[in-house]
Amino acid sequence: MKWDDIQELPCSIARTLAVIGDRWTLMIVRDCFLGSRRFEQFQKNLGISRHRLSERLGKLVDYGILRKVPYQDSPLRYDYRLTRKGVDLYPVLMAMVHWGDTWMDEGRGAPLLYTHSRCGQTMHLEPHCSACGEKVDPRDVGLHPGPGWPQSLPAEKSTS
């Protein structure tokens, strides 16, 4: 299977990776959460080539993760702002932060601490069951085919 075909798999992880599965795309989304909105800001912060940045921003707009908002008419220039779909990637990024802080800190500790503005405490996101509120342990999660599972495939092949 070619990488470009991964979005055709009946797997939510594969479909998500088809959109945000390269390092530059996630770094652009991260920068959006940190306040970047303009092409020049992204390029300066990330050191990414203009061509690659333009390509990734276009993809994020095409998938509805970012929207372009004009801020200048002559020449026409845009801000890139997270849509609701883009904001919904926040827990994904925070899960990556938690994993990186736990396993990739090389003994130095977290490079950034996240503070919950309502309580003022340093925090990290933890997965909880949406039905009962209990903290989720992967060993306690089962899988079964959902409404999007292709009828032509056996149910025991479901992966996400």
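In what follows, the structure referred to is the one given above.
Here we summarise the structure given alongside this text. (Residues numbered from 1 in each chain as written. Predicted model: local features only at pLDDT ≥ 70, side-chain atom pairs only at ≥ 80, totals over all residues. Heavy atoms only, no water.)

### Comments concerning the packing of aromatic side chains
- According to the stated counting rule, one finds 2 aromatic pairs in the structure shown.
- Measuring from centroid to centroid gives 6.5 Å for Phe-42 and Tyr-80, while their planes differ by 65°, and the two rings are edge-to-face. Separated by 38 residues along the polypeptide, Phe-42 in helix α3 (residues 39-46) and Tyr-80 in strand β2 (residues 77-82) bring together distant segments of the chain.
- Overall, the relative accessible area of 0% leaves Phe-42 in the buried class.
- Directly above the aromatic system of Tyr-71 lies the positively charged group of Arg-38, at a separation of 3.5 Å from the ring centroid.
- Over the ring of Tyr-78 we find Lys-68, and its NZ or CZ is 4.2 Å from the ring centre. (Phe/Tyr/Trp six-rings, centres within 6.5 Å; stacked < 30°, edge-to-face > 60°. Helix = DSSP H or I, 4+ residues; strand = E, 2+ residues; numbered from the N terminus. Buried < 20%, exposed > 50% of the residue type's maximum accessible area, 1.4 Å probe, protein only. Lys NZ or Arg CZ within 6 Å of the ring centre and 35° of its normal.)

### Some points on the nonpolar core
- Core analysis: the biggest nonpolar cluster contains 19 residues, and Ile-28, Phe-42, Leu-53, Leu-57, Ile-65 and Leu-66 have the highest contact counts within it.
- Of all the elements in the fold, those that place two or more residues in this core are α1 (12-20), α2 (23-33), α3 and α4 (50-62). (Core = buried A, V, L, I, M, F, W, Y, C linked by side-chain atoms within 4.5 Å.)

### Focus: the pattern of salt bridges
- A complete count under the given rule lists 9 salt bridges for this structure.
- Between Arg-56 and Asp-22 there is a salt bridge, with its nearest N and O atoms 3.0 Å apart. Remark: Asp-22 occurs in the loop between α1 and α2 and Arg-56 occurs in helix α4; sequence separation between them is 34 residues. With respect to class, Arg-56 is no different from Asp-22; both count as buried.
- With a closest N to O distance of 3.7 Å, Glu-126 and Lys-135 form a salt bridge.
- Three or more residues joined by partner-sharing salt bridges are found here, namely Asp-22, Glu-55 and Arg-56. (Salt bridge = Lys/Arg side-chain N within 4 Å of Asp/Glu carboxyl O.)

### Details of α3
- Those residues of α3 that sit buried are Phe-39, Phe-42 and Leu-46. Relative to the axis of α3, the buried residues are bounded by an arc of 70° and lie together on one face.
- Tucked into the core, α3 has its buried residues touching α2, α4 and β2. (Arc of directions from axis to C-beta. Contact = heavy atoms within 4.5 Å.)

The analysis is restricted to geometry; functional conclusions fall outside its scope.
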